[in-house]
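Observations on chain architecture
Here's the letter readout for the chains.
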Amino acid sequence: MRRSIPVVAAALGLALTMTACSSGSSNEDDATPKPSAAATTSAPALSGTLTMWVDETRIDVMKPIVAEFQEQTGIKVDLVQKVSGDIRTDFVKQVPTGQGPDVVIGAHDWTGEFVNNGVVAPIELGDKAAGFASSAVQAFTYDGKLYGSPYAIENIALVRNNKLLPETKANSFDDLIAEGKTAKVKYPVVIQQGDAGDAYHLYPLQTSFDAPIFTQTADGSYTNELGLGGEKGEAFAKYLAKLGNEKVLLATLDGDKAKQAFLDGQTPYIVTGPWNTTAFKEAGMDISVLPVPSAGGSEAKPFVGVQGAFISSKSKNPLLANEFVTNFLTTEKVQTELYKAGGRLPALTASAEQVDDPVLKGFNEAGATGAPMPSIPEMGAMWAFWGTTEVQIISGQAKDPVKAWDKMVTNMQDAVDGTK
Amino acid sequence: MSQQTLSTDSAGAPPAPPPRPRPSRSGGVSHARDYGRGFWVKVILVALIDAGAVYGILSAAAVSQWGIVAFLVVVLVAVNWAYFSRRALPAKYLLPGLVFLFAYVIFAAAYTGYIAFTNYGDGHNSTQADAIEAIQIQSEQRVEGSDAYPVTIVSQGGELGLAVVQDGQVEVGTADQPLEPVEGATEADGKPSEVPGWDVLNFASIAQQQDAIVALRVPVSDEPADGSLRTQDGSTAYIYQSTMTYDPATDTMTDADGTVYTPDDHGSFRAPDGTALTPGWKVNIGFENFTRAFTDSRISGPFISILIWNFVFAILSVATTFALGLFLAVVFNDPRIRGRKIYRSLLILPYAFPGFLAALVWKGMLNPDFGFINETLLGGASIPWLTDPTLAKVSVLLVNLWLGFPYMFLVCTGALQSIPGDVLESARMDGASAGRVQRSIVFPLLMVSVAPLLVASFAFNFNNFSLIYMLTGGGPNFEGTPIVVGHTDILISMVYSVAFESGVKQYGFASALSVLIFFIVGAISWWGFRRTRRLEEL
């Protein structure tokens, strides 16, 4: 017995990791469901204070905004910094226990998971909704209802190092590669990949083959039908294999290495988003932002990501939370301030029109026709199948790209059907 | 459930002191009686623990975590009893260990076991009451094309009401009373400013009653189908219709078409045609998570090859690290080597790095196109260290060898030094060769103390999640498998990718799989320790 203690400890340590840290609190709450209701009624001491969760990438942008909110309304907002990798899971786990925040700042593709777990409340923007970019509102809409108030939009585009290549004439991705080679540096163009692949950064190329992840209805919302199967998707798979064969796409070039290659002047072009251009500008580079040229003949449309605020379904301050999320965050002044601090395109059209930064304008144009990333909970499985297969095609591990692609489509379909 | 476990277990935590007197009190009196320096040190330490526990109790009570409160109260009482009672000598030694054992091991294990029997996960993450509330919130739909009404919150003898302006006329309604015109009311900017007979609430009182205000539904007319007015921010109201009604008497949900959704045994409201409402809630589902591990074809497919690799990985990891560690230990145990201390310190360096960090560094060094090994050491070769299925396995083993041999080296060095010199000397006197001494004397004696550690090391490597996750992430992935797992995945990393990375988190299923892994490791370790015991009978 004495000796088996390390074994038991090792096994249980792992068991413990699986149940994760917050398990204790949720369990305690299970045993005592009543007190949380009692605490709600004795809440007046809490009135006037909102709790808001923000991750480390957004907290600095939010600090002056909540200070202004307090000045205007007298409502204090407690900003709680969460780790960006955990904030989404923590929110889903903590809201049912009553320990969650009133408001959480996040990305639109969390909506599906939040709604499926019943942790967010629908919001009503009313007439204000018309003032937003339609894709931004659409992004936070799930099953016909709006769950988040958008404030910023971002997408990827082609970024050019003007020192290496002053202008771009290419109309197709193949021409772009040829043009990129004239710069006589290590790579003609880089698109980040990595062990698990990166379907997000390849998506503009994929859509140029008319093979979106899900088919879209006329109003732009996604259906449950996969759009990347069939001949169009297979044509894209062959194109990927070709790029991999020509060593234009490298499976081993991950995000950090791609960024570094551009910073080091090893490539005239990189497909990336506004999160990297700040670093490029800080390094004193002269850059232009262009739409990604088409590879398959149709328009290359990137995914659009939208940032916004959600309200917890168990918020003890629903009114204050709505005041902040639907009335304050949606004003032109605040959206403009968020843009200035965060460097992302505002979701509010009136603020977006004031944007004069050429880089951001370039991203805006490149993403003008892009559709929001789907927010269904199954996207996690989609990304995994998608990236894995793409990287296997690029690296040559999958000998027959068409077969690998078709197999992937089958697996994706099973995942969509299976979790319904 | 935890509360019961908590109280019964902790109450039994301080074992009853044996009735017999303890004569072994080395001469002096115990600190429990003596008011010397030791006593005051003890008082300060216990006071600090008490202060911490009381603080914990207060903060846990503030957030209504009664389970934690109960646990801390029991700990508090037990600590004070054990360290101030004259009769609780064994408890003084046992108590700290028991507290930590309970908090870190027993609780986590019991909780994992409990979760393994539930469907806890995405879509089923709370109670039925929460699910009903969420479904109702989500099913409230703004009436299409209806106006937005600037609203004023009013009250009359404690009853809340909403006041809006419709066609130039101020109307007031409450939860029971549909909107009705009020004469003599004034408006400002399309919003009622004064309503006779009603108090207009200011922002402070609105904030105080926000739950009631947000929950308030004012019917637009006597006809329920017209919908009701509600406000979320206290300043604008919209007309909503609820498409889903809950009937507490029959515990069913009914939607606008009259379809009835009844709760099924998997924690969802389900219609006769099989469609379920989201979210559901957490329920006990018996052994389903366990049977699923064997019946789900998506998992049982790659399971066998992963299980085999898991064993190969664990066995080879132990064998290679032990072989290298033992060899180095024997070499550096020879007194003829100069500077042994320096060599030994250098050799245990890999042990000083955190494992996951080292795995990440190795991952970078092994990158086929940019890694230090290919680029610099091998002069620009492009060996697919981590992307070729076989080479990836070799790389994993090599990196684990690098990470693991210092431990074996340390253990073996210690064991070697504890072998009595006279035994070796007498062997040599009897004319045994150096190889013979190693084989027949040193090795068997060494195994007595090292063999149990090898079993423990096997158990550790069997579940070496961080190495696999950080170094290869399980990759290179199998082609076209219905779950994304790879050639270097071991069971625990497969559990992780199935239960978490597939997008829909399944804590219940993950717990069940980790319980299964625990039984595999537990059984092997038990067998291993049984075998090692024989070595002791030398």
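Residues numbered from 1 in each chain as written. Chains lettered and ligands numbered in written order. Predicted model: local features only at pLDDT ≥ 70, side-chain atom pairs only at ≥ 80, totals over all residues. Heavy atoms only, no water.

Notes on the overall build of chain B
Along chain B, the regular secondary structure elements total 19 helices and 16 strands. In terms of overall dimensions, chain B has C-alpha extents of about 120 × 75 × 45 Å along its principal axes. Counting all 538 residues of chain B, 44% fall into the buried class. Considering only contacts in chain B between residues 6 or more positions apart, those separated by 24 or more positions represent 61%. For chain B, the distance from the average position of its 32 positive side-chain charges to the average position of its 45 negative side-chain charges is 33 Å. (Helix = DSSP H or I, 4+ residues; strand = E, 2+ residues; numbered from the N terminus. Buried < 20%, exposed > 50% of the residue type's maximum accessible area, 1.4 Å probe, protein only. Contact = heavy atoms within 4.5 Å. Lys, Arg positive; Asp, Glu negative; His and termini not counted. Charge placed at Lys NZ, Arg CZ, Asp CG, Glu CD.)

Notes on the interface of chain A and chain B
Think of interface size as the accessible area that goes away when the parts come together; that is how it is often given. Each partner contributes residues to the interface: chain A has 79 residues there, and chain B has 88 residues. Between chain A and chain B lies a buried interface of about 6900 Å² when both sides are counted; carbon and sulfur atoms form 56% of it. Linking chain A with chain B are four salt bridges. One salt bridge connects Arg142(B) with Glu124(A), and the closest N-O pair in it is separated by 3.0 Å. Viewed at the interface, chain B and chain A are joined by 23 residue pairs in polar contact (both at pLDDT 80 or more). Of all the elements in the fold, those that place two or more residues in the side of chain A that touches chain B are helix H1 (5-19), helix H2 (23-31), helix H3 (34-41), helix H5 (87-94), helix H6 (111-116), helix H13 (318-328), helix H17 (379-395) and helix H18 (401-418) of chain A. Partitioning the side of chain A that touches chain B into residue classes produces 33 nonpolar, 30 polar and 16 charged. (Buried area = accessible area lost by both parts, 1.4 Å probe. Salt bridge = Lys/Arg side-chain N within 4 Å of Asp/Glu carboxyl O. Polar contact = N/O pair within 3.5 Å; in protein donor to acceptor, adjacent residues only side chain to side chain. Nonpolar A, V, L, I, M, F, W, Y, C, P; charged D, E, K, R; others polar.)

Digging into the UniProt feature "transmembrane region" (unreviewed entry) in chain B
Here the UniProt-annotated "transmembrane region" (unreviewed entry) positions come out as residues 39-58, 64-84, 93-117, 307-330, 342-362, 394-419, 440-460 and 507-529 of chain B. Secondary structure across residues 64-84 of chain B divides into 90% helix and 0% strand, with the first and last C-alpha atoms of the span separated by 31 Å. (UniProt positions renumbered as here; feature names shortened; annotations may be inferred.)

Some points on the packing of aromatic side chains
All names here are of chain A. One pass over the full model with this rule turns up 46 aromatic pairs over all chains. Geometrically, the ring pair formed by Phe 303 and Trp 383 is edge-to-face, given 5.7 Å between the ring centres and 75° between the ring planes. Note that Phe 303 is positioned in the loop between strand E12 (287-290) and strand E13 (304-311) and Trp 383 in helix H17, a separation of 80 residues in sequence. Look at Trp 383 and you get partly exposed, because its relative accessible area is 24%. (Phe/Tyr/Trp six-rings, centres within 6.5 Å; stacked < 30°, edge-to-face > 60°.)

Concerning the confidence of the model for chain B
All names here are of chain B. Here chain B averages 85 in pLDDT, and 93% of its residues register 70 or above. In the model of chain B, helix H1 (residues 2-11) stands out as the element of lowest mean pLDDT, 39, in contrast to helix H14 (residues 389-417), which has the highest, 93. The complex model carries a pTM of 0.79, and its ipTM stands at 0.76. (pLDDT = per-residue confidence, 0-100.)

Let's talk about the sheet that holds strand E4 (residues 159-166) of chain B
Residue and element names in this part refer to chain B. An order of E6-E5-E4-E3-E9 is seen for the five strands of this open sheet, with the pairing classed as antiparallel. Since the sheet does not close on itself, it has two edges, and those belong to strand E6 (180-181) and strand E9 (199-200), each with one partner. Where E4 lies against strand E5 (residues 169-174), six bridges are found, and the strand directions are antiparallel. Its bridge partner being in E5, Ala 163 is matched across the sheet by Val 172. (Pairing = 2+ DSSP bridges.)

Some points on a negative patch on the surface
Taken together, the side chains of Glu180(B), Asp222(B), Glu223(B) and Asp226(B) define an acidic patch exposed on the protein surface. When you line up the elements, Asp222(B) lands in the loop between strand E10 (218-219) and strand E11 (228-231). (Patch = residues over 30% accessible without salt bridge, like charges linked within 9 Å, V, L, I, M, F, W, Y side chains within 5 Å. Areas by Shrake-Rupley, 256 points an atom, 1.4 Å probe, with all protein chains shown as cover.)

Notes on the domain arrangement of chain A
All names here are of chain A. As far as domains go, chain A holds domain 1 (45-154 + 305-366) and domain 2 (157-302 + 378-418). Between the C-alpha centres of domain 1 and domain 2 there is a distance of 29 Å. At the interface, 10 residues of domain 1 touch 16 residues of domain 2. Both sides of the domain 1 and domain 2 interface together cover about 990 Å² of buried area, and 67% of this is carbon and sulfur. If you sort the residues of domain 1 by the area they bury against domain 2, Val 359, Phe 363 and Ala 366 come out on top, with a joint share of 53%. Our enumeration of links across domain 1 and domain 2 arrives at one salt bridge. (Domains from an automatic or database assignment.)

Side note on unusual backbone geometry
Each neighbour pair has its own omega, and for Thr278(B) with Pro279(B) the value is -10°, a cis peptide bond. Its place among the elements puts Pro279(B) in the loop between strand E16 (269-270) and helix H8 (288-295). Although it is not a glycine, Asp143(A) adopts a positive phi angle of roughly 50°. Residue position: Asp143(A) is located in the loop between strand E4 (141-142) and strand E5 (145-146).

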